[in-house]
Amino acid sequence: MKLYGSPTSPYVRKARVLISEKKLPVEFINEDPWPADSKIPSRNPLGKVPALEIEPGNYLFESPLVVHYLDHVDGKTLTPKDAGGYWQTQWWQAIGNGILDAAVTRVLETRRPEDKQMPEKIEREEARIHRAADVAEARFRGGPYLVGSRFTLADLVFGVAMQYVDFRFAHDWRSKCPKLAEWHEGIVERRSFQETVPPGFTPPA
Ligand SMILES: N[C@@H](CCC(=O)N[C@@H](CS)C(=O)NCC(=O)O)C(=O)O
């Protein structure tokens, strides 16, 4: 299998962390979706990364589907099987993916020429991130894992999301979210996170 994507994309990073956690035989190929001559649209008609080639010429795209496939491909799922754990893990992935979407939308807006930027759009995305973090903190009971007593896709997706916030929208979320802050410190120490740190990112001291 081959995973196409850029090393700074948090959507791609979710798949890379999972591949590392499970030691799956997937080759990572650095391909940028943005240039006009990018080959990504020939792999994913939506023109976005990640794109996972599961057999020659057969691609999966949209990171939730890519993550779902990789989670099940070896029969060693990181999703709890009991109904409570299963839906809790989905909840954390949904809110993590929403934070990613907000942080990416925000950063793209801030990269437009200054006179074309919409401050209200930036504020709206920031408000989404603040609200989501507060609700997540209120829901979390504390401890090393978000759901149950082992590392799941909840930790993976929400962990990637909060480190992407540190990368692209650095602000002090930790003082308002102390349980998440402590949990996150442990999660980002995992080898899978260390191996996939986006180039140019220095974790906060
Ligand atoms: N919903 C998609 C979002 C993927 C996405 O937006 N990827 C960005 C990189 S961070 C991309 O490829 N952007 C290229 C473009 O929008 O043309 C997913 O979850 O995979």
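Please read these numbers as outputs of a predicted model, since none were measured by experiment. (Residues numbered from 1 in each chain as written. Predicted model: local features only at pLDDT ≥ 70, side-chain atom pairs only at ≥ 80, totals over all residues. Heavy atoms only, no water.)

## So, the packing of aromatic side chains
For the structure on display, the rule yields nine aromatic pairs. Measuring from ring centre to ring centre gives 6.4 Å for Phe140 and Trp183, while their planes differ by 75°; the resulting arrangement is edge-to-face. Placement of the pair is Phe140 in the loop between α5 (119-139) and α6 (153-168) and Trp183 in helix α7 (residues 178-187), with a sequence separation of 43 residues. Per residue, the accessibility class of Phe140 equals that of Trp183, and both read buried. (Phe/Tyr/Trp six-rings, centres within 6.5 Å; stacked < 30°, edge-to-face > 60°. Helix = DSSP H or I, 4+ residues; strand = E, 2+ residues; numbered from the N terminus. Buried < 20%, exposed > 50% of the residue type's maximum accessible area, 1.4 Å probe, protein only.)

## Here we look at the domain arrangement of the protein
Domains assigned within the protein are domain 1 (2-72) and domain 2 (83-194). Centre-to-centre, using C-alpha coordinates, domain 1 lies 21 Å away from domain 2. Between domain 1 and domain 2, the residue contacts involve 13 residues of the former and 18 residues of the latter. Summed over both sides, the interface of domain 1 with domain 2 buries roughly 1,400 Å², with 65% coming from carbon and sulfur. There are one salt bridge connecting domain 1 and domain 2. Of the charged contacts in the structure, one is a salt bridge between Arg190 and Glu21, with a shortest N-O distance of 2.8 Å. Connecting domain 1 to domain 2 are six residue pairs in polar contact (both at pLDDT 80 or more). Those elements giving two or more residues to the side of domain 1 that touches domain 2 turn out to be α1 (10-22) and α3 (63-72). The biggest single contributor to the side of domain 1 that touches domain 2 is α1, with eight residues. Tallied by class, the residues present in the side of domain 1 that touches domain 2 amount to seven nonpolar, two polar and four charged. (Domains from an automatic or database assignment. Contact = heavy atoms within 4.5 Å. Buried area = accessible area lost by both parts, 1.4 Å probe. Salt bridge = Lys/Arg side-chain N within 4 Å of Asp/Glu carboxyl O. Polar contact = N/O pair within 3.5 Å; in protein donor to acceptor, adjacent residues only side chain to side chain. Nonpolar A, V, L, I, M, F, W, Y, C, P; charged D, E, K, R; others polar.)

## Quick notes on the nonpolar core
By size, the foremost hydrophobic cluster in this structure holds 58 residues, and its most contacted members are Leu3, Leu70, Trp92, Ile99, Leu146, Phe158 and Leu180. Top contributing element to this core by residue count: α6, with 11 residues. Both domains that meet at this core, namely domain 1 (2-72) and domain 2 (83-194), each give it at least three residues. The residues touching Leu146, leaving out its near neighbours within four places in the chain, are Gln88, Trp92, Phe140, Arg141, Ala154, Asp155, Phe158, Leu180 and Trp183. (Core = buried A, V, L, I, M, F, W, Y, C linked by side-chain atoms within 4.5 Å.)

## So, the packing of helix α4 (residues 83-110) against α6
The geometry of α4 relative to α6 is characterised by a closest axis approach of 8 Å and an angle of 20° between their N-to-C directions. One finds that α4 runs roughly parallel with respect to α6. The handedness of the crossing between α4 and α6 comes out as left-handed. When α4 is examined against α6, the residues Thr89, Trp92, Gln93, Ile95, Gly96, Asn97, Ile99, Leu100, Ala103, Val104, Arg106 and Val107 are found in contact with a partner set consisting of Leu153, Ala154, Val157, Phe158, Val160, Ala161, Met162, Tyr164, Val165 and Arg168. The residue inventory of the contact of α4 with α6, partitioned by class, reads 16 nonpolar, four polar and two charged. (Axes fitted to C-alpha atoms, helices over the stretch in contact; angles between N-to-C directions. Parallel < 35°, antiparallel > 145°, perpendicular 65-115°, else oblique. Left-handed = near helix turned anticlockwise from the far one by under 90°.)

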